[in-house]
Amino acid sequence: MLQRKRGTECMRRCVRAACLAGALLAGISGGVGAQVITEFAAGITANAQPDGIAAGADGNLWFTEFNGNRIGRITPAGVVTEFSAGLSAGAYPVDITRGADGNMWFTEFNGGRIGRITPSGVITEFSAGMTADAHPESITAGPDGNLWFTESKANKIGRITTAGVITEFSIGISAGAGPAGIAAGPDGNVWFTEYDGNRIGRITPGGQVTEFSTGLSAGARPLSITTGPDGALWFTEQTGNRIGRITRTGVITEFSAGISAGAYPFAIAAGSDGNLWFTEGSGNRIGRITPAGVVTEFGAGITANAGIDSIAPGPDGNLWFTEFNAGANRIGRITAPPALAVLENPQPGSFHSGIGLLSGWSCQGPNIAIAIDGQPPLQVPHGSPRADTAKPCGADNSNSGFGLLFNFNTLGGGSHTAQLYVNGAARGDPTTFIVTAPAGEFLAGETKRITVPDFPVAGRTTVLVWQESLQNFAIQSAGP
């Protein structure tokens, strides 16, 4: 999704034509891989400047036209329709996302409003409750069923219900933070970037804000943010020319290897292939980064000086992106090869204790194996139903799940690695995880009951009980 500050600043929009004079954008290589890039221009009004993009409930993709002051819709086949009725003049729509109500919701940067457009193209605008000239920027569907958005000029986080009721939050956000990107986290909270404050923020559904900066390089300018397949949040560092990763507890890691100098990573999204995909506004490329941090760049097929902007997964399993510059004015598509095999457990950086699952899915089988710490691979049963893998594996090949009960305590405490093998060939990068084991291989005769307040969300309480047979804690109840 698209995020950046407007006004007189060119930094966030250094990827635009006015800031790109002298940039070396011609002759970009397509990188390594079989990705195919296709561009679509038919049906997009001249100089519309396509901006944010997101998949809709109707099986199409929807995008904003910043200069054209319209909302566009493009089918997976590339047929474009534009809508403007009901959108105020000079609104400058920026970001867009799908709401829990099945409609698309978007921000109006200059209009100071939040807009809603139905699948049939009916637009409604909301502004009551929003600070004047707030400059709403990025928007996301929250875990609470509401829409959450950043206000870059007002220095606030906004929330709007699907009925249009707006609430703003500012307590806990440092002065001059410049909230930019925003995304729903896997922890039931909403996470956002502070472009000017050089921090990552987290806000609970109740509005409590926590800021994180340790591990983030000075002057990084974090911009776009999304939830990754590993359960962490991933973000772009526009000036830092890096991709960042932050865990739910606030531990930040930065990646720069493989990103071309002066690329200016802009927007980022999780792909259907289990990787993260990002745009390079000045590099004129699409980047891909694995959960292990391996970067590949693709540029062949992208118009020179395109001003690549937002990126989002489409209903077809591919990644779709916008080309903002007037000379391009297109919607692009890059094919994402299906993830033929994914090790889902253990996750990178995860903690394990006691008996758990080595699990995931693979389109191919039946010879699935997992090697722990380089030891001989353990054979893993394959073939359990996984309806969610019908797209990458095919509807007739959805019995793709695999899993094996495993006592993590036998490994001993500390860091360990797991490598997935399919039919004898390694798939993906080794996963590093941590074991926190009690004394001895098996802990017998012990009982424990723990109450965890404000989990999974503020105001709720979860009760955990020790299960000897599994050698770990299980949720007994989660209530008010």
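First things first, this report covers the structure right here in the doc. Counting of residues starts from 1 at the beginning of each chain's written sequence and follows it residue by residue. The model is predicted, so local features are restricted to residues of pLDDT at least 70 and side-chain atom pairs to those at 80 or more, both for listing and for counting; the totals for chains, interfaces and linings are taken over all residues. Hydrogens and waters are ignored; side-chain quantities use all the structure's heavy atoms.

## Re the overall build of the protein chain
- Under the DSSP-based scheme used, a helix requires at least four consecutive residues in state H or I and a strand at least two consecutive residues in state E, with every element numbered from the N terminus. A count of helical and extended segments in the protein chain gives one helix and 40 strands.
- The reference for a compact globule is 2.2 Å times residues^0.38; the radius of gyration itself is calculated from the C-alpha atoms. Taking 23 Å as the expected radius of gyration for a compact globule of 480 residues, we find that the protein chain reaches 23 Å, a close match to that expectation.
- The dimensions of the protein chain, computed from C-alpha atoms along their principal axes, are 70 × 50 × 45 Å.
- Classification of the 480 residues of the protein chain by burial places 53% in the buried group.
- For the protein chain, restricting intrachain contacts to residue pairs at least 6 apart in sequence, the fraction spanning at least 24 positions comes to 49%. Buried residues are those whose accessible area, probed at 1.4 Å on protein chains only, stays under 20% of the maximum for their type, while exposed residues exceed 50% and partly exposed ones sit between those limits. Throughout, a contact is declared for two residues whenever any of their heavy atoms are within 4.5 Å.

## Description of the sheet that holds strand 24 (residues 285-289)
- Any two strands are treated as partners once DSSP identifies two or more bridges connecting them. Spatially, four strands are ordered 22-23-24-25 in an open sheet, and the strand pairing comes out antiparallel. Each edge of the sheet is formed by a strand with only one pairing partner; in this case those strands are strand 22 (265-270) and strand 25 (295-298). With strand direction ignored, the average angle separating the axes of adjacent strands in the sheet is 25 degrees.
- Where strand 24 lies against strand 25, four bridges are found, and the strand directions are antiparallel. What sits directly across from I289, in strand 25, is V295. Only the stretch in contact is used when a helix axis is fitted, and all axes are lines through C-alpha atoms; the angle between N-to-C directions ranges over 0 to 180 degrees.

## Things to note about the packing of aromatic side chains
- Stacked, edge-to-face and tilted labels apply to pairs of Phe, Tyr and Trp rings (six-membered ring for Trp) whose centres lie within 6.5 Å, assigned for plane angles under 30 degrees, over 60, and everything in between, in that order. Counted according to the given criterion, the structure contains 11 aromatic pairs.
- Judged by centre distance (5.9 Å) and plane angle (40 degrees), the ring pair of F66 and F324 falls under tilted. With a gap of 258 residues between them, F66 in the loop between strand 3 (61-65) and strand 4 (70-74) and F324 in the loop between strand 27 (319-323) and strand 28 (330-334) connect regions that are remote in the sequence. Of the two residues examined, F66 and F324, each falls in the buried class.

## Topic: the pairing of strand 35 (residues 401-407)
- Where strand 31 (residues 355-362) and strand 35 come together, seven bridges link them in antiparallel fashion. Following the sheet pairing, G356 is matched in strand 35 by F406.
- Sheet topology note: the strand 34 (residues 382-384)/strand 35 ladder contains two bridges and is antiparallel. Among the inter-strand pairings, S384 is bridged to a residue of strand 35, identified as G401.

## Structural notes on the environment of I370
- Note on placement: I370 falls in strand 32 (residues 368-372).
- Residue classification places I370 among the buried residues on the basis of a relative accessible area of 0%.
- Residues I370 and G412, 42 residues apart in the sequence, show an inter-C-alpha distance of 18 Å.
- Beyond its immediate sequence surroundings of up to four residues, I370 is in contact with L343, L358, P377, L378, V380, F402, A418, Q419 and L420.

## A word on the sheet that holds strand 15 (residues 190-194)
- Spatially, four strands are ordered 14-15-16-17 in an open sheet, and the strand pairing comes out antiparallel. Lying at the two open borders of the sheet, with one neighbouring strand each, are strand 14 (179-184) and strand 17 (209-212). Direction aside, the axes of adjacent strands within the sheet are offset by 25 degrees on average.
- Relative to strand 15, strand 14 runs antiparallel, the two being bridged by four bridges. Counted as the bridge partner of P179 is E194 from strand 15.

## Notes on the pattern of salt bridges
- The term salt bridge refers to a side-chain nitrogen of Lys or Arg lying within 4 Å of a carboxyl oxygen of Asp or Glu. Under the definition given, this model contains 16 salt bridges.
- Here E194 makes a salt bridge to R199, at a shortest N to O gap of 2.7 Å.
- Judged by relative accessible area, R199 falls into the buried class, the value being 18%.
- D388 is the partner of R386 in a salt bridge, and the nearest nitrogen-oxygen pair spans 2.9 Å.

## What to know about the nonpolar core
- Here, nonpolar core refers to any group of buried Ala, Val, Leu, Ile, Met, Phe, Trp, Tyr and Cys residues whose side-chain atoms link them within 4.5 Å. Counting residues in each nonpolar core, the largest one holds 19 residues, and the members touching the most others are W277, I286, I302, I311, F321 and I334.
- Where this core is concerned, the elements lending two or more residues are strand 22, strand 26 (308-313) and strand 27.
- With near-sequence residues (within four places) excluded, I334 lies in contact with Q35, V36, I37, W277, I286, F298, N318, L319 and F321.
- Of all hydrophobic cores here, the second largest spans 15 residues; its members include L343, I368, F402 and F406.

## Points about the environment of L343
- With respect to the helices and strands, L343 occurs in strand 29 (residues 341-345).
- We classify L343 as buried; its relative accessible area is 15%.
- It is 8.8 Å that separates the C-alpha atoms of L343 and A418, two residues lying 75 residues apart in sequence.
- When neighbours within four sequence positions are excluded, L343 is seen to be in contact with S359, I370, F402, A418, L420 and T431.

## Things to note about unusual backbone geometry
- Between N345 and the following residue, P346, the backbone shows a cis peptide bond with an omega angle of 10 degrees.
- Following the sequence through the fold, P346 ends up in the loop between strand 29 and strand 30 (351-352).
- A positive phi angle, close to 55 degrees, is found at N69, a residue other than glycine.
- By the element assignment, N69 lies in the loop between strand 3 and strand 4.
- Overall, N69 belongs to the buried group, its relative accessible area being 15%.
- One non-glycine residue, Y264, adopts positive backbone phi at about 55 degrees.
- Classification of Y264 as partly exposed rests on a relative accessible area of 24%.

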